[in-house]
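# Observations on chain architecture
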Amino acid sequence: MTSASKRSIRRRTCIATGRKLPDRELLRVVADGTVPGVVLADPTRSLPGRGAWITPTWDALKLAEERRAFSRALRLSAPADVGHCLLYTSDAADDSLRVD
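As the structure is a prediction and not an experimental result, all values here were calculated from the model.

Conventions and cut-offs
Residues numbered from 1 in each chain as written. Predicted model: local features only at pLDDT ≥ 70, side-chain atom pairs only at ≥ 80, totals over all residues. Heavy atoms only, no water. Helix = DSSP H or I, 4+ residues; strand = E, 2+ residues; numbered from the N terminus. Contact = heavy atoms within 4.5 Å. Areas by Shrake-Rupley, 256 points an atom, 1.4 Å probe, with all protein chains shown as cover. Polar contact = N/O pair within 3.5 Å; in protein donor to acceptor, adjacent residues only side chain to side chain. Pairing = 2+ DSSP bridges. Axes fitted to C-alpha atoms, helices over the stretch in contact; angles between N-to-C directions.

Here the focus is the overall build of the protein chain. Secondary structure summary: the protein chain contains four helices and five strands in total. Order of helices (α) and strands (β) in the protein chain, N terminus to C terminus: α-β-β-β-β-β-α-α-α. Long-range pairs, those at least 24 residues apart, make up 50% of the contacts in the protein chain between residues at least 6 apart in sequence. A total of about 6,800 Å² of accessible surface is found on the protein chain, and carbon and sulfur atoms cover 52% of it.

Bringing the side chain of Ser-90 into the picture now. Within the secondary structure, Ser-90 is located in helix H4 (residues 83-97). Within polar-contact distance, the side chain of Ser-90 engages the backbone oxygen of Leu-87 at 2.9 Å.

Below, the discussion takes up the sheet that holds strand E4 (residues 39-41). A sheet is described by the order of its strands in space; here three strands give the open sequence E4-E3-E5, paired in antiparallel fashion. Edge positions in the sheet fall to E4 and strand E5 (51-54), since each has one partner strand and no second. Here the strands of the sheet are splayed against their neighbours by 35° on average, with no regard to which way each runs. Examined bridge by bridge, strand E3 (residues 27-31) and E4 share three bridges and lie antiparallel to one another. Bridge pairing in E4 links Val-30 to Leu-40.

So, in structure tokens, the structure goes:
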């Protein structure tokens, strides 16, 4: 048995849907430390700071925004600006629809 097969699958909760999914199926988002309220997509999971996990779809992002889930999960004092996450999600959707 290899060390990779011994590792357990990390499950995280989507802030929009509340579903527990493997972290590989979710997008990590973090609050930008330099601009209050700005939420950044962190697909590489390398940005510093408190993170939250969300299903990387437009519907989930809009639902989380309506429920103010970003502000709660990331403990923001300013309203959440999720423009960067929406752009990331639309770019990812465009890439998956692209036919080579």
